[in-house]
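Coordinate inspection notes
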Amino acid sequence: MALNVAVQMDPIEKINIAGDSTFALLLEARARGHKLFYYTPDKLSLRNGHVLAGAAPVEVRDVAGDHFSLGDTRPLDLASLDVVLLRQDPPFDLAYITSTHLLEHVQPNVLIVNDPASVRNAPEKLFVMNFPQLMPPTLITRDRGAIEAFLDEHGEAVMKPLHGHGGAAVFKITRRDPNFASLFDLFASTFREPWVVQRFLAQIATGDKRIILVDGVAAGAVNRVPAENDIRANLARGGAATAAGLTAREREICAVIGPELKRRGLLFAGIDVIDGHLTEINVTSPTGLRAIKRLGGPDLAVAIWDAIEAKLATNPALSFTGTEPKSYKSSKAPEKQWGGRPSPPQRT
């Protein structure tokens, strides 16, 4: 049965379709005959118990420079959908967090991928700290003395923002680094929250592996190799993607964290592994689908949609409407039961 699907994402006209995982999901949804609606997070509203989005029907095609067409924008009641894809990129800031609170109002009758409360409670550089046995030595702090003690113990480290993304502001520091004091001042004046200090892994030169887990199960991987004279393997920072399988250690990592991802409703997750060490768990807007397929790996958009459709088929709480989604009419506020009490009448 065709589904009604909305995607909450960054402006679709600005994406690079060659590497965009959200676009891969939209292409697969289109191939399955699902009806797609598009909106950006700033178009969300909460009114009289209804979560609305200024959304437009969207058609997608795998043609660079001509990859989408939009219909007319109208207020869409998200509760009338089957699936919402939560796919805007970080920064993981208060705007992002607020959107997760709004989306919770359409649960449990609408499947949101990934679950908004779990996304909110699992920032990638904090959630991963639940698995210290899988990680390199890592410190989260803004205390200079603690960082200096960490450097005394480990010699070299990477320092990066706690809620950074895309390889921005990632620095290698050493025990006697003449730039450390200035970098500390810069971080202290730029970031209000603590930041991450992690033992430097020299094997980053051979790659930082992105492993995709679908509903808690390892499904594919891509290795990202930094450009010469850089420690950042992010493809957006010049890293090169190469085909990759999974080692026994990496399968062990996935077996440990997979059940927790599934329990939290984090259906689409990407983890980063360097030399057998888990460094991040990305659940906000994981990437890698297009690169994995391009390099001869599986089409993981298929696996993700298979998992979504399986959840809809087996969970009676989810809508699976098969009907046209509803526009919200604001001329008269509906009576909405909330917590056992009717909504208060509108003042005139």
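In case you missed it, the structure is sitting above this.
Scope of this entry: the structure provided in the associated data block. (Residues numbered from 1 in each chain as written. Predicted model: local features only at pLDDT ≥ 70, side-chain atom pairs only at ≥ 80, totals over all residues. Heavy atoms only, no water.)

The subject of this paragraph is the overall build of the chain. Counting its secondary structure elements, the chain contains 9 helices and 19 strands. For the chain, the C-alpha radius of gyration of 22 Å lies close to 20 Å, the compact-globule estimate for 348 residues. Along the first, second and third principal axes, the C-alpha atoms of the chain reach 65 × 50 × 40 Å. Looking at the 348 residues of the chain, the share that counts as buried comes to 48%. Summed over its atoms, the accessible surface of the chain is roughly 16,200 Å², and 52% of this surface lies on carbon and sulfur atoms. Put simply, the chain has 39 plus and 39 minus side-chain charges, and the middle of one group is 4 Å from the middle of the other. (Helix = DSSP H or I, 4+ residues; strand = E, 2+ residues; numbered from the N terminus. Rg over C-alpha atoms; globule rule 2.2 N^0.38 Å. Buried < 20%, exposed > 50% of the residue type's maximum accessible area, 1.4 Å probe, protein only. Areas by Shrake-Rupley, 256 points an atom, 1.4 Å probe, with all protein chains shown as cover. Lys, Arg positive; Asp, Glu negative; His and termini not counted. Charge placed at Lys NZ, Arg CZ, Asp CG, Glu CD.)

On to helix α9 (residues 300-314). In a regular helix each residue adds 1.5 Å, so 15 residues correspond to 21 Å; α9 covers 21 Å between its end C-alpha atoms and thus fits that length. Of the residues making up α9, those classed as buried are Leu300, Ala301, Ile304, Trp305, Ala307, Ile308 and Leu312. Take α9 and look down its axis: the buried residues cluster within an arc of 155 degrees, on one side only. The outward face of α9, more than 90 degrees from its buried face, is lined by the exposed residues Ala313 and Thr314. For α9, the side-chain oxygen to backbone nitrogen distance between the N-cap and Ala301 is 3.2 Å, and the N-cap itself is Asp299. (Expected span 1.5 Å × (residues − 1). Arc of directions from axis to C-beta. Polar contact = N/O pair within 3.5 Å; in protein donor to acceptor, adjacent residues only side chain to side chain.)

How two helices pack is summed up by the angle between their axes together with the distance between the axes. Viewed as axis vectors pointing N to C, helix α5 (residues 144-154) and helix α6 (residues 180-190) meet at an angle of 140 degrees, and their least axial separation amounts to 12 Å. Comparing the axis directions of α5 and α6 gives the class oblique. As α5 packs across α6, the resulting crossing turns out to be right-handed. In contact with Arg144, Ile147, Glu148 and Leu151 of α5, α6 contributes Phe180, Ala181 and Phe184. When grouped by side-chain class, the residues that make up the contact of α5 with α6 number 5 nonpolar, no polar and 2 charged. (Axes fitted to C-alpha atoms, helices over the stretch in contact; angles between N-to-C directions. Parallel < 35°, antiparallel > 145°, perpendicular 65-115°, else oblique. Left-handed = near helix turned anticlockwise from the far one by under 90°. Contact = heavy atoms within 4.5 Å. Nonpolar A, V, L, I, M, F, W, Y, C, P; charged D, E, K, R; others polar.)

Turning our attention to the sheet that holds strand β15 (residues 240-243). Pairing is antiparallel across the open sheet formed by 5 strands, whose spatial order is β15-β14-β13-β16-β17. Of all the strands in the sheet, just β15 and β17 (277-282) have a single pairing partner and so form its edges. Neighbour-to-neighbour, the strand axes of this sheet turn through a mean angle of 30 degrees, independent of strand direction. Helix α7 (residues 248-263) contacts β13 (208-214), β14 (217-225), β16 (268-274) and β17 of the sheet and is inclined by roughly 40 degrees relative to β13. (Pairing = 2+ DSSP bridges.)

α9 packs onto helix α1 (residues 21-31) with a crossing angle of 65 degrees between their chain directions and a minimal axis gap of 9 Å. Seen along the crossing, α1 lies across α9 with a hand that is right-handed. Residues Ala24, Leu25, Glu28 and Ala29 of α1 touch α9, and the partners they reach there are Ala301, Val302, Ile304 and Trp305. Looking at the contact of α1 with α9 residue by residue, the class counts come to 7 nonpolar, no polar and 1 charged.

Taken as a whole and assessed by the stated rule, the structure comprises 7 aromatic pairs. Both rings, one in Phe184 and one in Trp195, keep their centres 5.6 Å apart while their planes meet at 65 degrees; by these two values the pair is edge-to-face. With Phe184 in helix α6 and Trp195 in strand β12 (residues 195-199), this pair connects stretches of sequence that are 11 residues apart. One residue, Arg144, lies across the ring of Phe184, its end atom 5.8 Å from the ring centre. (Phe/Tyr/Trp six-rings, centres within 6.5 Å; stacked < 30°, edge-to-face > 60°. Lys NZ or Arg CZ within 6 Å of the ring centre and 35° of its normal.)

Another point: unusual backbone geometry. Across the junction of Gln107 and Pro108, the peptide omega takes the value 5 degrees, indicating a cis bond. If you trace the backbone, Pro108 turns up in the loop between α2 (94-104) and β8 (111-113). In this model, Val113 is joined to Asn114 through a cis peptide bond whose omega is 0 degrees. Here Asn114 is to be found in the loop between β8 and α3 (116-120). Even without being a glycine, Asn229 presents a positive backbone phi close to 65 degrees. Of note, Asn229 is situated in the loop between β14 and β15.

A few words on the pairing of strand β2 (residues 35-39). Across the 5 residues of β2, 4 count as buried, placing the element largely inside the fold. Of the pairings in the sheet, the one linking strand β1 (residues 4-8) to β2 comprises 5 bridges and is parallel in character. Bridge pairing in β2 places Gln8 opposite Tyr39. In this fold, β1 hands off to α1, which returns the chain to β2; that crossover is right-handed. Sheet topology note: the β2/strand β4 (residues 50-60) ladder contains 2 bridges and is antiparallel. Paired with Tyr38 across the bridge in β4 is Ala56. (Right-handed = clockwise from strand over helix to strand, strands pointing away.)

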